[in-house]
Amino acid sequence: MPSLRSLKSRLSSAQSTHKITSAVRTVSMSKLSVASAAYERYEKYYLACEDLSKRINRGAGAYAPRPDNENSGKNCYVLFTANRGLCGSFNHDMQCFFNETLRDEKDPKIVICGKWGRRRCSSEAEYFEISDVPTTAEANVLFKRLAALYTEEKYDRVIFVYYRLKNLLIGAPATETVLPVQREEGEADGDILYLPSSESAAERALEMCVNARVYGLLLKSAIGAHAASLAAMRSASDNSEHMISELKLELNRMRQATVTAGVIEAAGASGASGMS
């Protein structure tokens, strides 16, 4: 049976843990709310750009697929992780999925977004600092670099590895090819009018659409990280509350047993004294 001092120490530790997990849960809830609100405001524009990118003419241009004889055989991968831990298995799942994705790749270019990934991935990887709630300015900087990697350094594809969240409880790591922009079968330009020319207008529109996709994926990944942190800290907080309740009950029982034993001992001593 544990001693009274041991129980008090465990209770103090559980209470400290509960304070930490409750604080992180509150922060995660706040950041999730802000990131979700940002995506809700951005979603219509994001979806409109996705639709536009499938319809505009891009037979040629900087963001179109290159001919097979010009391919380098190398791809660029962009990995999104959280900026810190305390988010359950989120970062671990992202890294495992990323490693599996790169298994058959030949000399890939790696771009890391998220402080956790920077500390644990290859030192040769290029790092971009992304806020807990990404901004359009950060997305613009990242997009320009990725566009340069595709158009100037001749990587065949730019592939995002991010957390695709279906709802607050269900999600999984996924990949999405951002460059080159592929036209879906059956899509057509429709009644789009290009000014001053179809080539220049289409390329500028594609640049806008890809930039929008980058920011949308940043927001989605941030929402996934905060949702994972909220779920993990909620579970940890509930577990610590349960442990505190059990420890307090055991501590009270031990105190009661100690008092009862003292009363019995005193009564026994009193009785022995009276008999003498």
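These figures come from a predicted structure and were not determined experimentally.

Asker: Please clarify how the environment of V111 should be interpreted in this entry.
Answerer: Considering the arrangement of structural elements, one finds V111 in strand β2 (residues 109-113). Put simply, V111 and L79 are 32 residues apart on the chain and 6.3 Å apart in space, counted from C-alpha to C-alpha. Leave out the neighbours within four places in its chain, and V111 touches C76, Y77, V78, L79, E126, F128, L142, L146 and L149.

Asker: It is not clear to me how the side chain of D132 should be interpreted in this structure. Could you clarify?
Answerer: Following the sequence through the fold, D132 ends up in the loop between β3 (126-128) and α4 (136-151). If we skip the residues at most four places from it in the chain, D132 touches K31, N83, R84, A222 and H226.

Asker: For this particular structure, what's the right way to read the pairing of strand β4 (residues 157-165)?
Answerer: The side chains of a regular strand alternate, first on one face of the sheet and then on the other. As judged from the 5 bridges shared by strand β1 (residues 75-80) and β4, these two strands associate in the parallel manner. Each residue of the ladder has a partner; that of L79, found in β4, is V161.

Asker: Just to check I follow, could you spell out helix α2 (residues 90-101) for this structure?
Answerer: Working note: α-helix, 3.6 residues per turn, so residues spaced by three or four point in the same direction. In this model α2 runs 16 Å from its N-terminal to its C-terminal C-alpha over 12 residues, within 8% of the 16 Å that 1.5 Å per residue would give. By the burial criterion, the buried members of α2 are F90, N91, M94, Q95 and F98. One face of α2 carries all of its buried residues, which in axial projection span an arc of 125 degrees.

Asker: Just checking my understanding: could you explain the sheet that holds β2 for this structure?
Answerer: By way of backbone hydrogen bonds, the strands of a sheet pair with one another, either parallel or antiparallel. As summarised here, the arrangement of the 5 strands in space is β3-β2-β1-β4-β5, forming an open sheet in which the pairing is mixed. Both outer strands of the open sheet, β3 and β5 (171-179), are each paired with one neighbouring strand and no more. Across the sheet, the mean angle separating the axes of adjacent strands is 25 degrees when strand polarity is ignored. This element, α4, spans β1, β2, β3, β4 and β5 of the sheet and lies at about 175 degrees to β2.

Asker: Would you mind showing me how to read unusual backbone geometry here?
Answerer: Among all residues except glycine, the phi angle is most often negative; among peptide bonds, the trans geometry is most common. Following L179, the chain continues to P180 via a peptide bond in cis, the omega torsion being 0 degrees. Along the chain, P180 turns up in the loop between β5 and α5 (198-275). Of note, the phi angle at L86 is positive, near 60 degrees, even though the residue is not glycine. Secondary-structure assignment places L86 in the loop between β1 and α2. Under the relative-accessibility criterion, L86 is labelled partly exposed at 49%. Phi is positive for D107, which is not a glycine, with a value near 50 degrees. Position of D107 relative to the elements: it lies in the loop between α2 and β2.

Rules used in this analysis
- Residues numbered from 1 in each chain as written.
- Predicted model: local features only at pLDDT ≥ 70, side-chain atom pairs only at ≥ 80, totals over all residues.
- Heavy atoms only, no water.
- Helix = DSSP H or I, 4+ residues; strand = E, 2+ residues; numbered from the N terminus.
- Contact = heavy atoms within 4.5 Å.
- Pairing = 2+ DSSP bridges.
- Expected span 1.5 Å × (residues − 1).
- Buried < 20%, exposed > 50% of the residue type's maximum accessible area, 1.4 Å probe, protein only.
- Arc of directions from axis to C-beta.
- Axes fitted to C-alpha atoms, helices over the stretch in contact; angles between N-to-C directions.

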